Amino acid sequence: MTEGLGRVQARGGEVIEIRPGDTIHTPPGEWHWHGAAPEHFMTHLAIWEAPADGPESEWGDQITDEEYLAPATRPTR
């Protein structure tokens, strides 16, 4: 992440707070969402390897307010 305060969550996992300088890895095919934290902005750089065939990404439905507003944790390092 490059600026702001964000959140990321893999399906069934905790909502994780992310900050500038954090690197997040999501394995190919892992369902996840990411975005700015409530009342904040976020900018990020995304890099992925495109498959030889098929789409590069599959965009899902918008998450619910309940999912977005769930308490976030900060990973320990």
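A brief report on the enclosed structure follows. Computed from a predicted structure; not experimentally measured. (Residues numbered from 1 in each chain as written. Predicted model: local features only at pLDDT ≥ 70, side-chain atom pairs only at ≥ 80, totals over all residues. Heavy atoms only, no water.)

As a further point, take the environment of proline 75. Looking at where proline 75 falls in the secondary structure, it is placed in the segment after strand S6 (72–73). When neighbours within four sequence positions are excluded, proline 75 is seen to be in contact with Ile16 and Glu17. (Helix = DSSP H or I, 4+ residues; strand = E, 2+ residues; numbered from the N terminus. Contact = heavy atoms within 4.5 Å.)

Moving on, we come to the packing of aromatic side chains. For any pair of aromatic rings, the description rests on two quantities: the centre-to-centre distance and the angle between the ring planes. Going through the model one piece at a time under the given rule, you end up with 1 aromatic pair. Between the aromatic rings of tryptophan 33 and tyrosine 68, the centroid separation amounts to 6.2 Å while the plane-to-plane angle is 50°, which identifies the pairing as tilted. Here tryptophan 33 is found in strand S4 (residues 32–36), whereas its partner tyrosine 68 is found in helix H1 (residues 65–68), with 35 residues between them in sequence. When its relative accessible area of 25% is taken as the criterion, tyrosine 68 is described as partly exposed. The ring of tryptophan 31 is capped by arginine 11, whose NZ or CZ atom sits 4.1 Å from the centre of that ring. (Phe/Tyr/Trp six-rings, centres within 6.5 Å; stacked < 30°, edge-to-face > 60°. Buried < 20%, exposed > 50% of the residue type's maximum accessible area, 1.4 Å probe, protein only. Lys NZ or Arg CZ within 6 Å of the ring centre and 35° of its normal.)

With a phi angle near 65°, glutamate 39 is a residue other than glycine that sits in the positive phi range. Of the residues examined, glutamate 39 reaches a relative accessible area of 81% and is grouped as exposed.

To continue, consider the sheet that holds S6. Ordered in space as S4-S2-S3-S6, the 4 strands form an open sheet in which the pairing is mixed. Edge positions in the sheet fall to S4 and S6, since each of these pairs with one other strand and no more. Relative to S6, strand S3 (residues 15–18) runs parallel, the two being bridged by 2 bridges. Looking at the pairing, isoleucine 16 lines up with threonine 73 of S6. (Pairing = 2+ DSSP bridges.)

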